[in-house]
Amino acid sequence: MSAPILTVSHLSASIAGQQVVEDVSFQVPATGITAVLGRNGVGKTSTIRGILGLISRRGEVTLAGERIDTLPTYRIVQRGVGYVPEDREVFAALTVAENLALAERDKKPRREFVAELFPDLVARRAQLAGTLSGGQQQMVSVARALLNENRILLVDEPTKGLAPKIVGEVAQALQEAAKIVPILLVEQNLDVVRRLADDAIVIAGGRVVHTGKAREILDDDALTTRLLGVSAEAHA
Amino acid sequence: MSSIVLILLTGVGLGALYFLVASGLSLIYGLMHVLNFAHGAFLTLSAFIGWQVAQALGTASWGSFVVSILVGALVGAVFATLTELVLIRPLYERHIEQVLVTVGLSFAAVALFEGIWGTDAVNIAGPAWLKETTEILGARIPNTYWVLMLAAALVLVALVLFLKKTRYGMIIRAGVENRSMVTALGIDVRRSFTLVFAIGGAAAGIGGVLAMHYTTFVSAHLGATLLIFAFIVTVIGGLGSLTGAAIASVLVAVLQQFANVYLSGTGDFIVVVLLAVVLLVRPTGLMGRKA
């Protein structure tokens, strides 16, 4: 494993006083895609939101050795943490162009790279994001994170609720993105995990219960059945 | 016919005044989820300072009238900015405390204004043309209503251009929709809070000076009186919606004028009934989004 870009130590998080992440510790390598796996409701999304400070949390988070858990969310993002939220969260009343322009932080944002990755968005620049399909909204959401030179992307369930064809397109885009930036990926679709992820972290009961190579975990049917509640073979 | 035109146009003029106060309230609530009860204080202070400026420059001249409006806008913006920085910002994410502090400020401001300018209403004068009327389709419309309509139209156009054409405007529109996602794009949304307060304060300031000419007096309670209707307009229009505030302002004021004339002076009552109906049938208001 290369030197970690992101280190999470004893992270706990709560929403409205309810503890949703108990004691999570893991490292994310500086290259490739690391998947966060686990059954529904174990705290995967809350872990991502806790790292970003979007929910109340405790513990230590370092980005390339620098502590970021003491910073407000916007400063964490400015340090180079891109975020693709669950449910896309595009600004429905803004156009595609405005959604992307809002995300631009760098002096030279990667507009060409994003346009090559998502040509459909170029054609739909003037369209209100709220009128896009789910897949197109996901492209906007991913594109927002790719416009800047981030040091890591936190991508939360990017294929949730999408048609199989669009799932393939989003997975392809993430594969391309992973060539230039490491990704921490929360994903329920094990086919996508198998295709994209190098490493995997399994969360259960608000804690990390297993780490290892993604394929090794997914190839171990007993392990996936026990930890994820599904048989990876069924997805293979 | 002429009485209908008179009621309609004076209703639109009154609606313009409501909009000047409600536009800031709506933007502030939309972005920050703060019901700003101190908004009336911004208006009142601007009116008093505008009056002082007009007194110093000569009340009859158009120059002093325009300068008093500009000074009113500036005073409103500065007062609102200080309120946000000193009282609202330290209570970030504590919405109930934020509302309570604006309530406290509104009471304290009235007491302060009464201490400085006295408890009696101060009669004011302006350019002679404002006291005259202009005839439209047989109806003689007081000229102050035209000034109110022009000012509200200019403020509306300026706000729309700002919201549509500038990056800060884009941040505010996005923040009204999903504030935490704006933050998650690396944007310090709190700067927009201050800006929205300043803009709302400036609009209220313009409204304050013009309200003073509309009522022909200024008192420490001027803002509180208008604030009630501005809140009603903001809720009916849909909290956070500028377009909704504009439509609801005219709707409420025209309805109020018609009810005052044709339903034995029940304008205020009818407006409250309209508010109740909207809350029951469409709780998000005419143009508001579902939570």
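What you see is a predicted model; the values in this text were computed from it and never measured.

Enquirer: What should I look at first to understand the overall build of chain A in this one?
Expert: Secondary structure assignment for chain A yields eleven helices and ten strands. Scaling as 2.2 N^0.38, a compact globule of 236 residues should have a C-alpha radius of gyration of about 18 Å, and chain A matches this with 17 Å. C-alpha extents for chain A along the principal axes are approximately 50 × 40 × 35 Å. A burial count over chain A gives 54% of its 236 residues as buried. Summing over all exposed atoms, chain A offers an accessible surface of approximately 10,000 Å²; the carbon and sulfur share of this is 48%. Mean positive and mean negative side-chain charge positions of chain A (27 and 28 charges, respectively) differ by 5 Å.

Enquirer: Explain the overall build of chain B to me, please; I cannot follow it from the model alone.
Expert: Along its length, chain B carries eleven helices and four strands. Its C-alpha radius of gyration of 19 Å places chain B within 12% of the 19 Å reference for a compact globule of 291 residues. Judged by the C-alpha coordinates and their principal axes, chain B covers about 55 × 45 × 35 Å. Burial status across chain B gives 56% buried among its 291 residues. Accessible area for chain B stands at about 12,200 Å²; split by element, carbon and sulfur atoms hold 72% of it.

Enquirer: Please clarify how unusual backbone geometry should be interpreted in this entry.
Expert: Most peptide bonds take the trans configuration, and most residues that are not glycine carry a negative phi. For A:E157, which is not glycine, the phi dihedral falls at a positive 45°. Note on A:E157: relative accessible area 10%, which makes it buried. Positive phi is not limited to glycine here, since B:L137 has a value of about 50°. Secondary-structure assignment places B:L137 in the loop between β2 (133-136) and β3 (139-142).

Enquirer: Can you walk me through the interface of chain B and chain A in this structure?
Expert: Interfaces are often sized by the accessible area lost when the parts come together. Each side of the interface is counted separately: chain B has 18 residues, and chain A has 20 residues. Counting every contact that joins chain B to chain A gives one salt bridge. At the boundary of chain B with chain A, the tally comes to nine residue pairs in polar contact (both at pLDDT 80 or more). When residues of the side of chain B that touches chain A are traced back to their parent elements, those giving at least two are α6 (167-177) and α7 (179-183) of chain B. Here the side of chain B that touches chain A takes six residues from α6(B), the largest share from any one element.

Enquirer: Is there a simple way to think about the confidence of the model for chain B in this case?
Expert: Low-pLDDT stretches of the model should not have their predicted coordinates read in fine detail. The predicted model of chain B averages 93 in pLDDT, with 99% of residues at 70 or higher. Taken together, the chains of this predicted complex give a pTM of 0.86 and an interface ipTM of 0.90.

Enquirer: For this particular structure, what's the right way to read the packing of helix α2 (residues 39-57) of chain B against helix α3 (residues 62-88) of chain B?
Expert: Axes are the key here: two packed helices are described by the angle between their axes and the distance separating the axes. Residue and element names in this part refer to chain B. One can describe the packing of α2 onto α3 by two numbers: an axis separation of 8 Å at closest approach and a directional angle of 145°. Taken as a pair, α2 and α3 cross one another with a handedness that is right-handed. Along the contact surface, α2 presents A41, F42, L45, S46, I49, G50, V53, A54 and L57, while α3 presents S64, V67, S68, V71, G72, V75, G76, F79, A80 and T83. When its residues are assigned to classes, the contact of α2 with α3 shows twelve nonpolar, seven polar and no charged.

Enquirer: What am I meant to see in the packing of aromatic side chains here?
Expert: Remark: the centre distance and the inter-plane angle together describe each pair of aromatic rings, the angle taken between the planes. All names here are of chain B. Summed over the entire model, instances satisfying the criterion amount to eleven aromatic pairs over all chains. Judged by centre distance (5.5 Å) and plane angle (90°), the ring pair of W62 and F65 falls under edge-to-face. Remark: F65 and W62 occur in helix α3; sequence separation between them is three residues, near one turn of the helix. Look at W62 and W129: their rings are 5.8 Å apart centre to centre, the planes differ by 50°, and that puts the pair in the tilted class.

Enquirer: So what exactly am I meant to see when it comes to the pairing of β2(B) here?
Expert: For a regular strand, the rule is simple: side chains alternate between the two faces of the sheet. Residue and element names in this part refer to chain B. Of the strand pairs in this sheet, β2 and β3 are connected by four bridges, and their pairing is antiparallel. What sits directly across from T134, in β3, is I141. Counting the residues that bridge the hairpin from β2 to β3 gives two residues, and of these L137 lies at a positive phi of roughly 50°.

Enquirer: For this particular structure, what's the right way to read the side chain of A:Q136?
Expert: Topologically, A:Q136 is positioned in helix α6 (residues 134-146). Setting aside chain neighbours within four positions, we find A:Q136 in contact with A:D120, A:L121 and A:R124.

Enquirer: Explain a nonpolar patch on the surface here, please?
Expert: Residues and elements named next belong to chain B. Residues L74, V78, L82, L85 and V86 make up a contiguous nonpolar surface patch of roughly 460 Å² in combined accessible area. Mapped onto the secondary structure, V78 falls in helix α3. Looking at V78, the relative accessible area reads 43%, which means it is partly exposed.

Enquirer: Hey, could you run me through the pairing of strand β9 (residues 199-204) of chain A in this one?
Expert: Residue and element names in this part refer to chain A. The element β9 is extensively covered by neighbouring structure, given that five of its six residues are classed as buried. Relative to β9, strand β3 (residues 33-37) runs parallel, the two sharing four bridges. Paired with T34 across the strands is D199, a residue of β9. Remark: two residues form the turn of the hairpin made by β9 and strand β10 (residues 207-213), two consecutive strands paired antiparallel; G205 in that turn has positive phi of roughly 60°.

Enquirer: Help me understand empty space enclosed by the protein, please; the structure alone is not making it clear to me.
Expert: Regions of empty space are outlined by a rolling probe, equal in size to a water molecule, passed over the atoms. Taken as a whole and judged by the stated rule, the model has four cavities of 30 Å³ or more. Within this model, the largest cavity holds a volume of roughly 50 Å³. Only β6 (81-84) and α6 of chain A provide two or more residues apiece to the lining of the largest cavity. Considering only residue class, the lining of the largest cavity consists of seven nonpolar, three polar and two charged. By volume, the second largest cavity amounts to about 40 Å³. Lining the second largest cavity are B:M32, B:I88, B:R89, B:Y92, B:E93, B:H95, B:Q98, B:R179 and B:F193. Taken together, the residues of the lining of the second largest cavity sort by class into four nonpolar, two polar and three charged.

Enquirer: Is there a simple way to explain the pattern of salt bridges in this structure?
Expert: Any two side chains of opposite charge can pair, so long as their charged atoms come close to each other. This structure, assessed with the given rule, holds 18 salt bridges over all chains. Put simply, A:R194 and A:D219 hold a salt bridge, and the shortest N to O gap is 2.9 Å. Here A:R194 is found in helix α8 (residues 190-196), whereas its partner A:D219 is found in helix α9 (residues 214-219), with 25 residues between them in sequence. For A:R194, a relative accessible area of 16% corresponds to the buried category. Taking the shortest distance from any N to any O, the salt bridge between B:R94 and B:E97 comes out at 3.7 Å. Residue classification places B:R94 among the partly exposed positions, given a relative accessible area of 42%.

Parameters and conventions
- Residues numbered from 1 in each chain as written.
- Chains lettered and ligands numbered in written order.
- Predicted model: local features only at pLDDT ≥ 70, side-chain atom pairs only at ≥ 80, totals over all residues.
- Heavy atoms only, no water.
- Helix = DSSP H or I, 4+ residues; strand = E, 2+ residues; numbered from the N terminus.
- Rg over C-alpha atoms; globule rule 2.2 N^0.38 Å.
- Buried < 20%, exposed > 50% of the residue type's maximum accessible area, 1.4 Å probe, protein only.
- Areas by Shrake-Rupley, 256 points an atom, 1.4 Å probe, with all protein chains shown as cover.
- Lys, Arg positive; Asp, Glu negative; His and termini not counted.
- Charge placed at Lys NZ, Arg CZ, Asp CG, Glu CD.
- Contact = heavy atoms within 4.5 Å.
- Salt bridge = Lys/Arg side-chain N within 4 Å of Asp/Glu carboxyl O.
- Polar contact = N/O pair within 3.5 Å; in protein donor to acceptor, adjacent residues only side chain to side chain.
- pLDDT = per-residue confidence, 0-100.
- Axes fitted to C-alpha atoms, helices over the stretch in contact; angles between N-to-C directions.
- Left-handed = near helix turned anticlockwise from the far one by under 90°.
- Nonpolar A, V, L, I, M, F, W, Y, C, P; charged D, E, K, R; others polar.
- Phe/Tyr/Trp six-rings, centres within 6.5 Å; stacked < 30°, edge-to-face > 60°.
- Pairing = 2+ DSSP bridges.
- Patch = residues over 30% accessible without salt bridge, like charges linked within 9 Å, V, L, I, M, F, W, Y side chains within 5 Å.
- 1 Å grid on protein atoms, 1.4 Å probe; cavity = no way out; pocket = protein on both sides within 12 Å on 5 of 7 lines; lining within 4 Å.
- Points joined across faces, edges and corners; volume = space filled by probe spheres on them.

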